[in-house]
Amino acid sequence: QVQLAESGGGLVQAGGSLRLSCAASGSIFSFNYMGWYRQAPGKERELVATIRSGGITNYADSVKGRFTISRDDAKNTLYLQMNSLKPEDTAVYYCKGAMARGPLRFTDYWGQGTQVTVSS
């Protein structure tokens, strides 16, 4: 019954910035971790960044130093601040929440995605 909804995507020039938001219908505190993923046409979906409920973050090498993932439990919202954008960042960006159901067992919740296009 948990729903995630991304917003903030759009068209931006190389070197510009965007902030993506992911609003949850319920408390995001219930997620063991949350993350941002992206998928370009003809490519497999790839992990961009993750954040645990305790605040520990992890980033793909391609975005380190440029992107920042954060969460606001009071607002039930996940964010992705994207700076110094490059054309290769162009993709549909998805928000995911992972909920632990038991040892090695998770339930994943996905948003519908938001398009980010970076022009050169």
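Residues numbered from 1 in each chain as written. Predicted model: local features only at pLDDT ≥ 70, side-chain atom pairs only at ≥ 80, totals over all residues. Heavy atoms only, no water.

A.B. asks: So what's going on with the overall build of the protein? Which residues, and what values?
C.D. replies: Per the secondary structure count, the protein includes zero helices and eleven strands. Order of helices (α) and strands (β) in the protein, N terminus to C terminus: β-β-β-β-β-β-β-β-β-β-β. In terms of principal-axis extent, the alpha carbons of the protein reach across some 45 × 30 × 25 Å. A total of 120 residues make up the protein; the buried ones form 40% of that total. Total accessible area on the protein is roughly 6600 Å²; 47% of this is exposed by carbon and sulfur atoms. The averaged location of the 9 negative side-chain charges in the protein is 3 Å from the averaged location of its 13 positive side-chain charges. (Helix = DSSP H or I, 4+ residues; strand = E, 2+ residues; numbered from the N terminus. Buried < 20%, exposed > 50% of the residue type's maximum accessible area, 1.4 Å probe, protein only. Areas by Shrake-Rupley, 256 points an atom, 1.4 Å probe, with all protein chains shown as cover. Lys, Arg positive; Asp, Glu negative; His and termini not counted. Charge placed at Lys NZ, Arg CZ, Asp CG, Glu CD.)

A.B. asks: I'd like a description of the pairing of strand β9 (residues 91-102), backed by residues and values.
C.D. replies: Sheet topology places strand β4 (residues 33-39) next to β9; seven bridges connect them, and they run antiparallel. Bridge pairing links Trp-36 to Cys-95 in β9. The pairing of β9 with strand β11 (residues 114-119) spans three bridges and is classified as antiparallel. Residue Val-92 lies in a different strand from β11, and its bridge partner there is Gln-115. Examined bridge by bridge, β9 and strand β10 (residues 105-110) share six bridges and lie antiparallel to one another. Across the sheet, the residue bridging to Ala-100 is Phe-106, located in β10. What sits between the antiparallel neighbours β9 and β10 is a turn of two residues, in which Leu-104 has the positive phi angle 65°. (Pairing = 2+ DSSP bridges.)

A.B. asks: Talk me through the state of the cysteines; I want residue IDs and the actual numbers.
C.D. replies: In this structure the tally under the stated criterion is one disulfide. In this model, Cys-22 is linked to Cys-95 through a disulfide, with the two sulfur atoms separated by 2.0 Å. The disulfide joining Cys-22 to Cys-95 has a torsion of about -75° about its S-S bond and is therefore left-handed. Residue Cys-22 is found in strand β3 (residues 18-24), and its partner Cys-95 is found in strand β9; the two are separated by 73 residues along the sequence. Residue class for Cys-22 comes out buried when judged on its relative accessible area of 1%. Of the residues examined, Cys-95 reaches a relative accessible area of 0% and is grouped as buried. (Disulfide = S-S within 2.5 Å.)

A.B. asks: Describe unusual backbone geometry, naming the residues involved and giving the relevant values.
C.D. replies: Here the phi dihedral of Asn-76 falls at roughly 55°; this positive angle occurs in a residue that is not glycine. Structurally, Asn-76 can be placed in the loop between β7 (67-72) and β8 (77-82). Phi angles above zero are rare outside glycine, and Ser-84 is one such case at about 50°. Residue position: Ser-84 is located in the loop between β8 and β9.

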